Amino acid sequence: MATTLTSHHKFSSLTKTHKTYPSSPLLLLSTKLLTKSNPSKNTILSAKKTRTLIAGSLKEDKKVVPVKDKPLNDKNNPLFVNGSKDSDLLSSSSSSSIVESDDDEDRMTSRAINATIVLGCGTLAVSRLLTIDYDYWHGWTLYEILRYLPEHNWIAYEQALKANPVLAKMAISGVVYSIGDWIAQCYQGKLIFEFDRTRMFRSGLVGFTLHGSLSHYYYQFCEALFPFEDWWVVPAKVAFDQTVWAAVWNSIYYVALGLLRFESLDNIYRELKATFWLLLTAGWKLWPFAHLITYGVIPLEQRLLWVDCVELIWVTILSTYSNEKSEARISDATSEANSSPSSSADEK
């Protein structure tokens, strides 16, 4: 009996000592000791009370940490849109990606249209040249078709000159000036099917409406101006061509393209003044040698065809000079317009 009272006294002293620390491991140890020393008291500390005691101790050890909600317009958070420069960058990058995707689609569409135009016109021209004798092919061999192909095409061209010389020369000049501008754009770095259709159409329109008709009447005028058969007539015609006529035609071409681009007369005049002498002297590197054949060998009615063959080189130079400054000015204006909204956004 004395031993039981002593153990109970020890248990009460331990509980009093650790009363302020209900979660202490000593309480659990003392509980186990009491259970071993007095098995008859196991019914007093049931499993339910033990679990309640441990759960209460755990609740007292826990600390509540308050969580503050960050506002959606946190300026330090780059993921929110309101008031952050990083968010502006994210929105601008997303918008720029959308613009780039739209540009890629427009580029693919433009390339498909250009390929259709080039391949369609090329196929039509080649088929017309190859089928000039289609009505007479019955019984012909392939060798006979290829043999008479150049001769019969030339005969068809001469018949067109006799029927309507001005229209035939206009058509040839229109085709040559379109192809020449296409070559100029490819020379400037554009791909074959990524050329500017509007620019090529402008050049071809000027060649069709102005060069073919004016050249037809110019060569007749030149023959009437120098109706001699002496040796000096050919050099005189070449000199007249490369001074008076070259200056007139270069100016007409430059002004016509400027008007078709809807530019002001002041801009056209300034650009023509800046490139007039350069164009004239550039022509002296090519045309004097070509015109020795033009006025010395080629008959009057076929001169424009020969000149248009050489024009494929000259139109490349002429179109490059006439469009270079205009395109540079347009690109500068576009870059300034694009940079002004971004600068205003940075200021804000």
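I will try to describe carefully the structure that is included in this document. (Residues numbered from 1 in each chain as written. Predicted model: local features only at pLDDT ≥ 70, side-chain atom pairs only at ≥ 80, totals over all residues. Heavy atoms only, no water.)

Right, let's talk about the overall build of the chain for a bit. When helices and strands are tallied, the chain shows 11 helices and zero strands. When its helices and strands are written in sequence order, the chain yields α-α-α-α-α-α-α-α-α-α-α. Here the chain, with 348 residues, has 28% of them falling under the buried criterion. Restricting to contacts in the chain with at least 6 residues of sequence separation, those with at least 24 account for 67%. When the accessible surface of the chain is summed, it comes to about 23400 Å², and 66% of that surface belongs to carbon and sulfur atoms. (Helix = DSSP H or I, 4+ residues; strand = E, 2+ residues; numbered from the N terminus. Buried < 20%, exposed > 50% of the residue type's maximum accessible area, 1.4 Å probe, protein only. Contact = heavy atoms within 4.5 Å. Areas by Shrake-Rupley, 256 points an atom, 1.4 Å probe, with all protein chains shown as cover.)

Turning our eyes to something else, we now look at unusual backbone geometry. Positive phi is not limited to glycine here, since Phe-262 has a value of about 60 degrees. Mapped onto the fold, Phe-262 is located in the loop between helix 8 (233–260) and helix 9 (265–283).

To continue, consider a nonpolar patch on the surface. A surface patch of nonpolar side chains, amounting to about 220 Å² of accessible area, comprises Val-175, Ile-179 and Ile-183. Looking at where Val-175 falls in the secondary structure, it is placed in helix 6 (residues 165–187). (Patch = residues over 30% accessible without salt bridge, like charges linked within 9 Å, V, L, I, M, F, W, Y side chains within 5 Å. Salt bridge = Lys/Arg side-chain N within 4 Å of Asp/Glu carboxyl O.)

To continue, consider empty space enclosed by the protein. Applying the stated criterion across every chain yields a total of two cavities of 30 Å³ or more. By volume, the largest cavity amounts to about 180 Å³. Lining the largest cavity are 17 residues, and of these Asp-241, Trp-245, Trp-249, Trp-287 and Glu-311 sit closest to its centre. Elements supplying a minimum of two residues to the lining of the largest cavity: helix 7 (197–225), helix 8, helix 9, helix 10 (287–296) and helix 11 (303–347). Per-element accounting of the lining of the largest cavity gives the leading share, six residues, to helix 8. Taken together, the residues of the lining of the largest cavity sort by class into nine nonpolar, six polar and two charged. What the second largest cavity holds in volume is close to 40 Å³. Forming the walls of the second largest cavity are Lys-169, His-216, Tyr-219, Gln-220, Leu-300, Glu-301, Arg-303 and Leu-304. It is helix 7 that provides the largest number of residues to the lining of the second largest cavity, a total of three residues. Grouping the amino acids of the lining of the second largest cavity by side-chain chemistry returns three nonpolar, two polar and three charged. (1 Å grid on protein atoms, 1.4 Å probe; cavity = no way out; pocket = protein on both sides within 12 Å on 5 of 7 lines; lining within 4 Å. Points joined across faces, edges and corners; volume = space filled by probe spheres on them. Nonpolar A, V, L, I, M, F, W, Y, C, P; charged D, E, K, R; others polar.)

Applying the stated criterion across every chain yields a total of six salt bridges. Between Glu-301 and Lys-169 there is a salt bridge, with the nearest N and O atoms lying 3.6 Å from each other. A residue pair is termed long-range when its members are at least 10 positions apart, and Glu-301 in the loop between helix 10 and helix 11 and Lys-169 in helix 6 qualify at 132 residues. Taking the relative accessible area as the measure of exposure, Glu-301 reaches 29% and is therefore partly exposed. As a salt-bridge pair, Arg-199 and Asp-181 come within 3.0 Å of each other at their nearest N and O atoms. Taken together, the positions of Arg-199 in helix 7 and Asp-181 in helix 6 put the pair 18 residues apart, joining distant regions of the chain. On the basis of relative accessibility, which here comes to 1%, the residue Asp-181 falls in the buried class. Salt bridges linked by common partners bring Glu-223, Lys-237 and Arg-303 together as one network.

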